[in-house]
Amino acid sequence: MKKLKEKTVARSLAKGMLAGLIGGLVATAAKALTEKIYRPRTHGEPDPLAILAEKLVGHELVGTQKTTAVETLHWGFGALTGAAYGALAEYYPQATAKDGAAFGMALTSLTHGTGLPALGLPVDSHDQTTRERTSEMATHVVYGVVTETVRRKARKMLG
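Residues numbered from 1 in each chain as written. Predicted model: local features only at pLDDT ≥ 70, side-chain atom pairs only at ≥ 80, totals over all residues. Heavy atoms only, no water.

Under an unreviewed UniProt entry, the name given to the protein chain is Membrane protein, and the organism recorded is Tunturiibacter gelidiferens.

In structure tokens:
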């Protein structure tokens, strides 16, 4: 049996970031869909992104302003995080462990465990039920796996 020679792809920061950005956008949609099925906030808690948006503009947002601000932050963060992941994966392939699931779990810890509290946003996991905490982890794992799956395919297409 003839052994197939595997093609070596030269590392490229720009291609890695682009592939990750594409993956991050698709994963953001997947995470949003998963959150509709397996909600992370079931008791009417405010969305941390809504609070962040109001902090950034310095006043309360209502209606479409609030929706637009939250969606902008949600999609922007998903795209930028994907791009950063794509760059990291390009030079440190171990970052893609468990087909992106490890990335999703790390992202949960970085955002909900460190980032949001550092911004002064209320993220008290003691007030969350086990179901709500597992929803946060599960939806971030979905984000990580989808980001990696799409990033890998996009990176191959970019050459």
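This is not the end of the story, as more comes after the structure.
**Some thoughts on the environment of Glu148**
Along the chain, Glu148 falls in helix 5 (residues 130-158). Here the alpha-carbon distance between Glu148 and Asp99, two residues 49 residues apart in the chain, equals 6.1 Å. Once residues lying within four places of it in the same chain are set aside, the contact partners of Glu148 are Tyr85, Thr96, Asp99 and Gly100. (Helix = DSSP H or I, 4+ residues; strand = E, 2+ residues; numbered from the N terminus. Contact = heavy atoms within 4.5 Å.)

**Examining a nonpolar patch on the surface**
Together, Leu18, Leu21, Ile22, Leu25, Val26, Trp75 and Leu158 line one region of the surface with nonpolar side chains, adding up to about 490 Å² of accessible area. Take the nonpolar patch: its biggest share by element is five residues, from helix 1 (residues 13-37). Residue placement: Leu18 occurs in helix 1. Taking the relative accessible area as the measure of exposure, Leu18 reaches 40% and is therefore partly exposed. (Patch = residues over 30% accessible without salt bridge, like charges linked within 9 Å, V, L, I, M, F, W, Y side chains within 5 Å. Areas by Shrake-Rupley, 256 points an atom, 1.4 Å probe, with all protein chains shown as cover. Salt bridge = Lys/Arg side-chain N within 4 Å of Asp/Glu carboxyl O. Buried < 20%, exposed > 50% of the residue type's maximum accessible area, 1.4 Å probe, protein only.)

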